[in-house]
Every structure is written in C-alpha cells, then in structure tokens.
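Letter by letter, the chains look like this.
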Amino acid sequence: MTNRRRPPVQVTPLIEDAGLFKREVRDVVVELVPVFSRNNRGDLVVKGIVQPDAEIEVVFAGRRLREAANLVVRMKKLRATGVRAAINGHQAMNSIRQLRLPVRVRGTWRFRFQPDPSGWEVKNYQLIAAQWAFADEDGVTVLAGWPPAKPENRVQERARAVRARNAALRALKGARQQ
C-alpha cells in the first residue's frame with residue numbers, strides 16, 4: 001500500500017488540525033486511567049472513562065504529544081501511588097480502573113470499528129484532544145495543548161486575490177498606454 005502521508009516537515013498546524021478535528025470541538029470531562037499505548041502514527045493513546053461508566057480512548061496527537069508529557073508524569077505518579085497502596089493491602093487499589101485522574105478535555109469525537117474476539121465489528125470511541133486541564137499534585141490547575149487552528153475565510157482570500165490580479169492588470173494596461 002502506498003504511503004500518502006506528507007513528510008513531517010511539510011505538515012503545518014493548519015494541515016494537522018484539519019485532519020484531526022473534522023467534527024465539532026467539545027468540552028468533555030474524562031477520568032483518565034493510567035493505561036498508555038501508542039498507535040501506528042506514534043500518537044499517545046490513554047484509556048478514559050466518561051459518564052455513565054463508558055470506556056473510551058483519549059488520543060494526544062501530533063504537536064500536542066510533547067504537551068502531554070506533564071499529564072503522563074502525573075498519571076505515572078498516580079499509578080505508583082496505587083501500586084504502593086495495593087502492596088500495603090488496600091483492596092480497592094488492586095484494580096487499575098480504580099486509579100482515575102479527572103481531566104477536562106476539549107476535543108472532537110471519532111469512532112473506529114475493530115473486530116472483537118468472535119469476529120464481530122465493535123464500535124470504539126476516541127476523543128482527539130486539542131486542549132486539556134487537570135490538577136497537579138499541589139492542586140494547581142494545569143492547562144495544556146492548543147485550540148484547533150482554523151483556516152482563514154476562503155471567500156476573503158479569493159476576493160483579495162482577485163483584487164490583486166485586477167490591480168496588476170490595470171497597472172499593465174497603464175504601462176502599455178504610455
């Protein structure tokens with residue numbers, strides 16, 4: 001199969017966000033579970049839980065991946081605390097799903113179909129994160145990420161180009177007449 005992806009040096013924030021945020025951007029409260037993975041593009045994928053106890057995947061993609069480092073560090077500390085509590089005999093911390101970090105994510109929904117063990121296609125939801133906010137260990141709110149880049153108004157761009165072309169034609173006609 002032909003790889004049609006652009007080289008990374010050619011990907012601008014506008015191009016990246018046009019591919020990621022194709023639907024409406026919303027605010028969603030998610031409780032992230034410290035279970036990390038990577039997809040085939042190298043994006044960070046974190047398990048999350050939204051009300052009413054539905055499991056989703058939160059994807060931190062592209063240039064926002066570096067911004068997610070603070071969140072990953074915070075979640076690793078949460079997991080270490082949960083492991084310590086489980087070793088000390090705290091029964092509630094034996095399940096990783098009990099370790100949750102509340103995060104407010106501004107992003108867009110995307111769904112994927114994946115086969116389950118019996119072969120049926122199952123719909124999985126992903127939340128593509130643009131911006132997110134969470135409380136650090138001191139209780140200070142940390143805001144990370146960027147809002148999606150929006151293209152300029154194409155009608156205005158075309159009108160500007162037409163005006164420039166018309167001005168150039170008038171200048172060319174004026175130069176010919178002299």
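Here, the structure is the one placed above.
Residues numbered from 1 in each chain as written. Predicted model: local features only at pLDDT ≥ 70, side-chain atom pairs only at ≥ 80, totals over all residues. Heavy atoms only, no water.

Caption draft 1: Inspection of a nonpolar patch on the surface at higher detail. A grouping of F111, F113 and Y125 is seen on the molecular surface, where their side chains present a nonpolar patch of about 310 Å² in accessible area. With respect to the secondary-structure elements, F111 resides in strand β4 (residues 101–115). Accessibility expressed as a relative area gives 38% for F111, which makes it partly exposed. (Patch = residues over 30% accessible without salt bridge, like charges linked within 9 Å, V, L, I, M, F, W, Y side chains within 5 Å. Areas by Shrake-Rupley, 256 points an atom, 1.4 Å probe, with all protein chains shown as cover. Salt bridge = Lys/Arg side-chain N within 4 Å of Asp/Glu carboxyl O. Helix = DSSP H or I, 4+ residues; strand = E, 2+ residues; numbered from the N terminus. Buried < 20%, exposed > 50% of the residue type's maximum accessible area, 1.4 Å probe, protein only.)

Caption draft 2: Region of the structure containing the environment of V72. Secondary-structure assignment places V72 in helix α2 (residues 69–87). Sequence separation between V72 and V35 is 37 residues; the distance between their C-alpha atoms is 10.0 Å. What V72 contacts, discounting residues up to four positions off in sequence, is F36 and L44. (Contact = heavy atoms within 4.5 Å.)

Caption draft 3: Structural context of the pattern of salt bridges. In the structure shown here, the tally under the stated rule is eleven salt bridges. Between E16 and R63 there is a salt bridge, with its nearest N and O atoms 3.2 Å apart. You can see E16 sitting in helix α1 (residues 13–20) and its partner R63 sitting in the loop between β3 (54–60) and α2, a full 47 residues away along the chain. Residue E16 shares its accessibility class with R63, and that shared class is buried. Between D17 and R64 there is a salt bridge, with its nearest N and O atoms 2.9 Å apart. Here the residue D17 occupies a position in helix α1, and R64 occupies one in the loop between β3 and α2, the gap between them amounting to 47 residues. By relative accessible area, which is 1% here, D17 ends up buried. Note on R64: relative accessible area 0%, which makes it buried.

Caption draft 4: Geometry of the nonpolar core. Counting residues in each nonpolar core, the largest one holds 24 residues, and the members touching the most others are V30, L32, V58, F60, L71, V103 and W132. Secondary structure elements with two or more residues in this core: β1 (26–38), β2 (44–50), β3, α2, β4, β5 (121–135) and β6 (141–145). Beyond its immediate stretch of four places on either side in the chain, V30 contacts G48, I49, V50, I56, V58, L101, P102, V103, V105 and L127. With seven residues, the next largest nonpolar core counts L20, V45, A61 and A130 among its residues. (Core = buried A, V, L, I, M, F, W, Y, C linked by side-chain atoms within 4.5 Å.)

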